[in-house]
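# A closer look at the structure
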Amino acid sequence: MSGAEEVCTMPEQEREPEATCSGGPSGGSEGRAKKSRSSRSSRAGLLFPVSRVDRQLRRGHFAGRFGARAPVYLAAVLQWVTHKTMDVAGKISKKSKQKRISPSHLQMAMQKSSVLKQLLRGGVPRRRGRAVPQSQRVASPSKKKMGKSKKRGPTPRAAPARTTAAVK
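Residues numbered from 1 in each chain as written. Predicted model: local features only at pLDDT ≥ 70, side-chain atom pairs only at ≥ 80, totals over all residues. Heavy atoms only, no water.

### Focus on the packing of helix 4 (residues 70-95) against helix 6 (residues 114-121)
Running from amino to carboxyl end, helix 4 crosses helix 6 at an angle of 130 degrees, the nearest separation of the two axes being 10 Å. Taken together, helix 4 and helix 6 sit at an angle that is classed as oblique. Between helix 4 and helix 6 lies a crossing whose hand is left-handed. Where helix 4 approaches helix 6, its residues Trp80, Val81, Lys84 and Thr85 are matched on the opposing element by Val115, Leu116 and Leu119. (Axes fitted to C-alpha atoms, helices over the stretch in contact; angles between N-to-C directions. Helix = DSSP H or I, 4+ residues; strand = E, 2+ residues; numbered from the N terminus. Parallel < 35°, antiparallel > 145°, perpendicular 65-115°, else oblique. Left-handed = near helix turned anticlockwise from the far one by under 90°. Contact = heavy atoms within 4.5 Å.)

### What to know about the pattern of salt bridges
Counted by the stated rule, this structure contains three salt bridges. Of the charged contacts, one joins Arg40 and Asp54 as a salt bridge, the two residues approaching to 2.9 Å between their closest N and O atoms. Remark: Asp54 occurs in helix 3 (residues 50-60) and Arg40 occurs in helix 2 (residues 40-44); sequence separation between them is 14 residues. Arg58 serves as the salt-bridge partner of Asp54, at 3.2 Å between the closest nitrogen and oxygen. Taken as a pair, Asp54 and Arg58 lie in helix 3 at a separation of four residues, close to a single helical turn. Looking at Asp54, the relative accessible area reads 9%, which means it is buried. Via salt bridges that share partners, Arg40, Asp54 and Arg58 belong to a single interconnected network. (Salt bridge = Lys/Arg side-chain N within 4 Å of Asp/Glu carboxyl O. Buried < 20%, exposed > 50% of the residue type's maximum accessible area, 1.4 Å probe, protein only.)

### Some thoughts on the confidence of the model for the protein
Predicted confidence across the protein gives a mean pLDDT of 75, with 54% of residues reaching 70 or more. Contacts for the low-pLDDT stretch residues 2-11, under 50 throughout, to residues beyond four places or in other chains number nine contacts. (pLDDT = per-residue confidence, 0-100.)

In structure tokens form, the structure reads like this:
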């Protein structure tokens, strides 16, 4: 018997409370529950595989470096585009009283949806509505915190200086 096995086979009374068997759980983690593993997709609440998108980004040599959130964002965008396309194509197939989505339904969905059409053309669809997203709005100075002495009014603009060329 090796020394590690002898520690494991010793009765509870003679063994120290912190002594553990080799390969077994450490003494500090016995009271705690095991940490369950979860994929990056499940942590982000996505159905598309974040790890696979990450691997493809690295293999593709699109950039030397990219952030940890880049594959998560890209997987979310791919999932949204797929959902939007399938949703519109499903409505088209239902209108034509068919139970399956055919390639022609997908093509018609791309032509009918202005957002998807813009994505295929290469243009980036812009958000309509407010110009500044909510997350960036927090960073702007609050109106309540400005005192009376620091109130900013409209700055008077000076009229552009007119230069007259002397005509000879």
